[in-house]
Amino acid sequence: LNLEVAFTPGELGGAGVGQRTVVVIDVLRATSTILQALVNGARDVLPVESVEQAVRKAQEIGRDQVILCGERDINPIAGFDLGNSPLEFVAERVSGRTLVMTTTNGTRAIVLGAGGTRCMIASFLNAGATAAALAQSESDVLILGAGREGRFSLEDGVCAGMIVRELKRQYSGRVETNDAAKAASFMAARFGKRLAEFLPRTAAGRRLEAMGRRAEIDFCATLDRYAHVPRVLERRITL
Ligand code: MLT
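None of the values given here were measured: they were computed from a predicted structure. (Residues numbered from 1 in each chain as written. Predicted model: local features only at pLDDT ≥ 70, side-chain atom pairs only at ≥ 80, totals over all residues. Heavy atoms only, no water.)

J.: Give me the lowdown on the site of the ligand, citing residues and values where you can.
T.: For the ligand, the full set of nearby residues is Asp26, Leu28, Arg29, Ala30, Glu71, Asn84, Thr103, Thr104, Asn105 and Gly106. Note that an oxygen atom of the ligand is positioned 2.8 Å from one of the side-chain N or O atoms of aspartate 26. Taking asparagine 84, its side chain carries an N or O atom lying 2.7 Å from an oxygen atom of the ligand. In the complex, 94% of the free accessible area of the ligand, which totals 270 Å², lies under the protein chains. Among the detected pockets, the ligand sits in the largest cavity. (Near = heavy atom within 4 Å. Polar contact = N/O pair within 3.5 Å; in protein donor to acceptor, adjacent residues only side chain to side chain. Areas by Shrake-Rupley, 256 points an atom, 1.4 Å probe, with all protein chains shown as cover. 1 Å grid on protein atoms, 1.4 Å probe; cavity = no way out; pocket = protein on both sides within 12 Å on 5 of 7 lines; lining within 4 Å. Sits in = over half its atoms within 2 Å of the grid points.)

J.: So what's going on with helix 5 (residues 127–135)? Residues and values would help.
T.: Extensive coverage of helix 5 is indicated by the burial of seven of its nine residues. When we look at burial in helix 5, the residues that qualify are Ala127, Ala129, Thr130, Ala131, Ala133, Leu134 and Ala135. Buried residues in helix 5 make contact with strand 2 (21–25), strand 7 (118–122), strand 8 (141–145), helix 6 (154–170) and strand 10 (231–233). (Buried < 20%, exposed > 50% of the residue type's maximum accessible area, 1.4 Å probe, protein only. Helix = DSSP H or I, 4+ residues; strand = E, 2+ residues; numbered from the N terminus. Contact = heavy atoms within 4.5 Å.)

J.: So, the nonpolar core: which residues are in play, and what are the values?
T.: The biggest cluster of nonpolar side chains holds 43 residues, and the ones touching the most others in it are Val5, Ile25, Phe124, Ile143, Ile163 and Leu199. In terms of residue count, the dominant contributor to this core is helix 6 (seven residues). Those residues in contact with leucine 199 that sit more than four places away from it in its chain are Val27, Leu28, Phe124, Glu155, Gly205, Ile217, Cys220 and Ala221. Membership of the second largest hydrophobic core comes to 26 residues, among which are Ala6, Val24, Met101 and Cys119. (Core = buried A, V, L, I, M, F, W, Y, C linked by side-chain atoms within 4.5 Å.)

The structure is reproduced here in structure tokens:
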């Protein structure tokens, strides 16, 4: 099994994701929020890159048939129904509903990852389940961090490293890794043990905390809360 990590979409260059199983990670907060929405009964999540695309998609489907959600600069988008906090996506709001979502980094990485042969959505909330699903996989794997505006983000790197370590533990055959996967594994060993202390100290964590969003960080720091791994099929994310 060939296992690569890319800390940001930019690292892929023009090559794209190739014929691989792609795992997309945006711990703070997009992939944590998507999983929470689906666990709380959302029918599906349609990820799009821009606010304009989200509005257009909502109009195509029927504005009152969907929940428009996402963020720009962490804040909810004017005219949208929900932001990008996992705590907003309670069953009363999302059960049975289709969500059209756009976020600064996360949904873009997902749109890119959807070009793989398979695409999964991961965060600390389901890192163990993701590794277990990959251990059954026949195809090569790319773990893709959303990063932050083209730059490395530590929490996505640590989450990638946890999946690398667990996958290597569970996989029966030989696993070949790239340098980024080795670095991610090292970071996970260093920072992965006390996520509740680590996550608020990352750049994204500090930014969220400064905006009064500490409870969301704490939620996103819960390891293996769920055994579900959302899949992306034809730009549609389901459990
Ligand atoms: C993103 O997709 O850029 C992030 O999830 C930002 C956020 O915290 O909402």
